[in-house]
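What the coordinates show
Each chain is listed here by its residues.
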Amino acid sequence: MGTAADDGTALFRQDATFCARPGVGGTGVTFESLNVPGAYLRHFDSAVSIASGAGSGGFDRPQTLTADSSWTLEAPWAP
């Protein structure tokens, strides 16, 4: 997965938008993709990816989707 500059299109805005949902792991918050419902921001192997848990291995493996997609929000270090 790479990064891209904002090209001003509606597709870019949809791809770059994530909606906060109750944590799929039972705590915290999960960020669901606006453009790909059922796909979430997920941490895996020291990186953040978008995954649905429908894959067979790597960052999209279903076994740990709930734990890897639940985030704990904290207050900022500085205002």
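Described below are features of the structure shown in this document.

What follows is about the overall build of the protein chain. Within the protein chain, the secondary structure is distributed over 2 helices and 4 strands. Listing the helices and strands of the protein chain from first to last along the sequence gives α-β-β-β-β-α. Judged by the C-alpha coordinates and their principal axes, the protein chain covers about 40 × 35 × 20 Å. Looking at the protein chain as a whole, 20% of its 79 residues qualify as buried. On the protein chain, roughly 5500 Å² of surface is accessible, and the fraction owed to carbon and sulfur atoms is 59%. The average position of the 4 basic charges and that of the 8 acidic charges among the side chains of the protein chain differ by 5 Å.

This part takes up the side chain of Asp68. You can see Asp68 is positioned in helix 2 (residues 65-68). Side chain to side chain, Asp68 and Arg42 meet in a polar contact 3.2 Å long. Excluding its chain neighbours within four sequence positions, the residues that come into contact with Asp68 are Leu41, Arg42, His43, Phe44 and Arg61.

Counting across every chain of the model gives 2 salt bridges. A salt bridge links Arg21 to Glu32; its shortest N-O distance comes to 2.8 Å. A residue pair is termed long-range when its members are at least 10 positions apart, and Arg21 in strand 1 (residues 18-22) and Glu32 in strand 2 (residues 29-33) qualify at 11 residues. Judged by relative accessible area, which is 38%, Arg21 ranks as partly exposed. The partner of Arg42 in a salt bridge is Asp68, and the shortest N-O contact between them spans 3.2 Å. Of this pair, Arg42 sits in strand 3 (residues 40-44) while Asp68 is found in helix 2, placing the two residues 26 residues apart along the sequence. By the burial criterion, Arg42 is buried, and Asp68 matches it.

The rules behind these values
- Residues numbered from 1 in each chain as written.
- Predicted model: local features only at pLDDT ≥ 70, side-chain atom pairs only at ≥ 80, totals over all residues.
- Heavy atoms only, no water.
- Helix = DSSP H or I, 4+ residues; strand = E, 2+ residues; numbered from the N terminus.
- Buried < 20%, exposed > 50% of the residue type's maximum accessible area, 1.4 Å probe, protein only.
- Areas by Shrake-Rupley, 256 points an atom, 1.4 Å probe, with all protein chains shown as cover.
- Lys, Arg positive; Asp, Glu negative; His and termini not counted.
- Charge placed at Lys NZ, Arg CZ, Asp CG, Glu CD.
- Polar contact = N/O pair within 3.5 Å; in protein donor to acceptor, adjacent residues only side chain to side chain.
- Contact = heavy atoms within 4.5 Å.
- Salt bridge = Lys/Arg side-chain N within 4 Å of Asp/Glu carboxyl O.

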